[in-house]
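Report on the structure
One-letter residues, chain by chain:
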Amino acid sequence: MKKDFFTYQAQTTPHPLAMEISHAEGSHIYDTNNKEYLDFVAGVSACSLGHRHPRVVNAIKDQLDQYLHVMVYGEFVQKSAVELTKLLAAQLPDPLEKTYLTNSGTEAIEGALKLAKRYTGRSELIAANHAYHGNTQGAMSVMGFEERKQAFRPLLPDVHFIEFNKEADIEKITTKTAGVILETIQGGAGFIVPTNNYLKKVKQRCEAVGALLILDEIQPGFGRTGKLFGFQHYDVVPDIVVMGKGMGGGMPVGAFTSSATLMDALQDQPKLGHITTFGGHPVIAAASLATLKEIVDSNLMTQTIAKEALFRELLQHEYIEEIRGKGLMLSLIVKNADIANQIILGCLEEGLILFWLLFEPKAVRITPPLTISNEEIKQGCAIIMKVLRKIKD
Ligand SMILES: Cc1ncc(COP(=O)(O)O)c(C=O)c1O
């Protein structure tokens with residue numbers, strides 16, 4: 001199968017991990033040799049409730065028995081999508097009330113950027129250096145890493161970059177700005193958290209000049225940082241919040257939410273301001289609703305804080321310079337990229353899945369399912385420490 005994988009399936013790098021998957025359950029993935037891997041990556045923050053969480057699987061099965069795709073987004077009333085958007089509104093602070101469901105994170109970013117332009121009547125977008133918001137061309141235009149986008153230019157015009165957490169740069173947001181897009185916690189950059197009320201100051205500036213603040217919660221959202229959305233730690237409410245990844249409990253999804261006044265701009269002048277065939281798909285919406293209910297009903301979010309502390313306590317080594325991030329969105333910043341590679345590949349050998357971050361070669365990603373147990377955290381950290389000792393010798 002591996003040969004066919006390399007021959008027929010498009011690759012994104014010349015050297016994918018190419019593990020042949022047999023099945024997955026809870027915090028574990030099994031390969032076709034039945035080797036068990038403990039999963040500290042969760043499909044890059046997507047499998048928030050682990051693999052095949054029964055509540056998600058049952059919701060999918062129930063929906064399969066009712067109907068699959070019946071109509072393009074937004075025309076028919078479909079229970080799972082309505083209940084999902086209603087529960088989201090109940091969980092989000094005012095005025096975030098109306099949600100547009102999409103197929104992926106990057107599509108939700110496209111919708112959010114278009115909404116900012118349409119609502120303000122302006123074209124300028126401001127984003128942060130080292131930001132990642134997705135890979136379609138609008139999302140790529142606001143990606144703060146030239147090396148990965150140069151080959152695809154020309155991209156969107158009128159996009160400007162500021163330095164995340166740099167207060168002096170906030171002045172670059174002006175009355176020409178339609179929207180400022182930031183990740184609440186910068187992911188690809190190395191899990192950089194906002195400091196000194198940075199997000200609040202950006203929001204104040206946006207309010208002063210009539211620009212909209214878009215927060216990308218695609219990775220930190222859905223409980224990963226110990227609150228449903230990362231911005232809830234920072235005393236700020238964005239004009240538009242974008243979500244995805246962990247929202248679907250392992251299914252492909254994206255969404256953006258704003259006030260009703262704002263969102264309604266997409267249905268008028270022009271009408272059909274954003275359209276999608278499969279966005280809000282009933283099976284995906286059912287899985288997302290089950291995921292959201294489980295995160296909200298359980299004590300997973302509170303446990304996240306204690307689990308972060310356990311990781312920080314267990315992962316101490318002279319090669320680990322820093323553990324960045326919040327909750328179960330953590331990255332080890334090690335001495336150099338070679339050590340990061342050795343940790344990731346060495347742990348894989350030992351049955352622990354870790355991964356890289358997009359733009360920070362010294363980082364090792366730790367984003368396990370929120371459902372990971374303390375025992376599993378201890379087992380995985382023991383493997384990391386064993387591999388670190390081997391590297392040092
Ligand atoms: C912060 C952030 N924004 C946007 C995206 C894009 O989401 P998707 O891959 O679902 O298009 C990602 C995915 O990694 C992400 O981490």
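- The chain has the name Aspartate aminotransferase family protein in an unreviewed UniProt entry, where Kordia aestuariivivens is given as its organism.
- What UniProt states about the chain under its Sequence similarities (unreviewed entry) heading is, verbatim, "Belongs to the class-III pyridoxal-phosphate-dependent aminotransferase family."
- Reading the Cofactor (unreviewed entry) entry of the UniProt record for the chain gives the comment "pyridoxal 5'-phosphate".

**Here we look at the pairing of strand β1 (residues 21-25)**
- In terms of burial, β1 is a largely surface element, 0 of the 5 residues being buried.
- Across 4 bridges, the pairing between β1 and strand β2 (residues 28-31) is antiparallel. Note on β2: the bridge partner recorded for His23 is Tyr30.
- Between β1 and β2, which pair antiparallel and follow one another directly, the connecting turn spans 2 residues, one of which, Gly26, has a positive phi of 60°.

**Examining helix α11 (residues 337-349)**
- The end-to-end C-alpha distance of α11, which contains 13 residues, comes to 18 Å, matching closely the 18 Å that a straight helix rising 1.5 Å per residue would cover.
- Listing the buried residues of α11 in full gives Ile339, Ala340, Ile343, Ile344 and Cys347. When α11 is viewed along its axis, its buried side chains cluster within an angular range of 135° and face the same direction. More than 90 degrees from the buried face of α11, the exposed residues found are Asp338, Leu345 and Glu349.
- Next to the buried residues of α11 lie β12 (329-334), β13 (352-353), β14 (363-366) and α12 (374-392).
- Immediately beyond the C-terminal end of α11, within one or two residues, lies Gly351, with a positive phi of roughly 90°.

**Here we look at the nonpolar core**
- Membership of the largest hydrophobic core comes to 108 residues, with the highest contact counts inside it found for Ala112, Val180, Ile214, Val242, Ile343 and Leu354.
- There are two domains that each give this core at least three residues, and those are domain 1 (2-52 + 299-392) and domain 2 (55-297).
- Contact partners of Ile214, with chain neighbours within four places excluded, come to Ala112, Ala116, Gly179, Val180, Ile181, Pro238, Asp239, Ile240 and Val242.

**A word on the domain arrangement of the chain**
- Domain parsing of the chain yields domain 1 (2-52 + 299-392) and domain 2 (55-297).
- Once you take the C-alpha centre of each, domain 1 and domain 2 turn out to be 26 Å apart.
- Each partner contributes residues to the interface: domain 1 has 27 residues there, and domain 2 has 30 residues.
- Elements with a minimum of two residues in the side of domain 1 that touches domain 2: α2 (42-45), α10 (300-314), β11 (320-326) and β12.
- In terms of residue class, the side of domain 1 that touches domain 2 is made up of 15 nonpolar, 8 polar and 4 charged.

**Points about the site of the ligand**
- Close to the ligand lie 14 residues; Ser104, Gly105, Thr106, Gly134 and Ile218 are nearest.
- Of the residues forming the shell around the ligand, the biggest block, 3 residues, is contributed by helix α5 (residues 105-120).
- Among the residues making up the shell around the ligand, the classes are represented as 3 nonpolar, 9 polar and 2 charged.

**Observations concerning the sheet that holds strand β9 (residues 240-244)**
- With mixed pairing, 7 strands are arranged side by side in an open sheet as β4-β10-β9-β8-β7-β5-β6. Each edge of the open sheet is held by one strand with a lone partner, namely β4 (98-102) and β6 (159-162). On average, each strand axis in the sheet is tilted by 20° relative to the strand beside it, whichever way the strands run.
- In the sheet, β4 pairs with strand β10 (residues 254-258) via 5 bridges, with the strands oriented antiparallel. Bridge pairing in β10 links Lys98 to Ser258.

**A look at the packing of helix α4 (residues 79-91) against helix α9 (residues 282-297)**
- Running from N to C, α4 and α9 point in directions that differ by 30°, and their axes come no closer than 8 Å. The element α4 and its partner α9 pack so that their crossing is left-handed. In this structure, α4 contributes Ser80, Ala81, Glu83, Leu84, Leu87, Leu88 and Gln91 to the contact, and α9 contributes Pro282, Ala285, Ala286, Ser288, Leu289, Leu292 and Val296.
- Here the contact of α4 with α9 is composed, by residue class, of 10 nonpolar, 3 polar and 1 charged.

**Observations regarding the sheet that holds β11**
- Taking strand neighbours across the sheet as the criterion, the 3 strands line up as β11-β12-β14 in an open arrangement whose pairing is antiparallel. The two strands at the open ends of the sheet, each matched to only one other strand, are β11 and β14. Direction aside, neighbouring strands of the sheet carry axes that sit 20° apart on average.
- As paired elements, β11 and β12 share 6 bridges and run antiparallel to each other. Note on β12: the bridge partner recorded for Gly325 is Leu330.
- Packing of α11 onto the sheet brings it into contact with β12 and β14, and relative to β14 it is tilted by some 35°.

Criteria and thresholds
Residues numbered from 1 in each chain as written. Predicted model: local features only at pLDDT ≥ 70, side-chain atom pairs only at ≥ 80, totals over all residues. UniProt positions renumbered as here; feature names shortened; annotations may be inferred. Buried ≥ 20, exposed ≤ 12 C-beta atoms within 10 Å, placed from the backbone. Helix = DSSP H or I, 4+ residues; strand = E, 2+ residues; numbered from the N terminus. Pairing = 2+ DSSP bridges. Expected span 1.5 Å × (residues − 1). Arc of directions from axis to C-beta. Contact = placed C-beta atoms within 7 Å. Core = buried A, V, L, I, M, F, W, Y, C linked by C-beta atoms within 7 Å. Domains from an automatic or database assignment. Nonpolar A, V, L, I, M, F, W, Y, C, P; charged D, E, K, R; others polar. Near = placed C-beta within 6 Å. Axes fitted to C-alpha atoms, helices over the stretch in contact; angles between N-to-C directions. Left-handed = near helix turned anticlockwise from the far one by under 90°.

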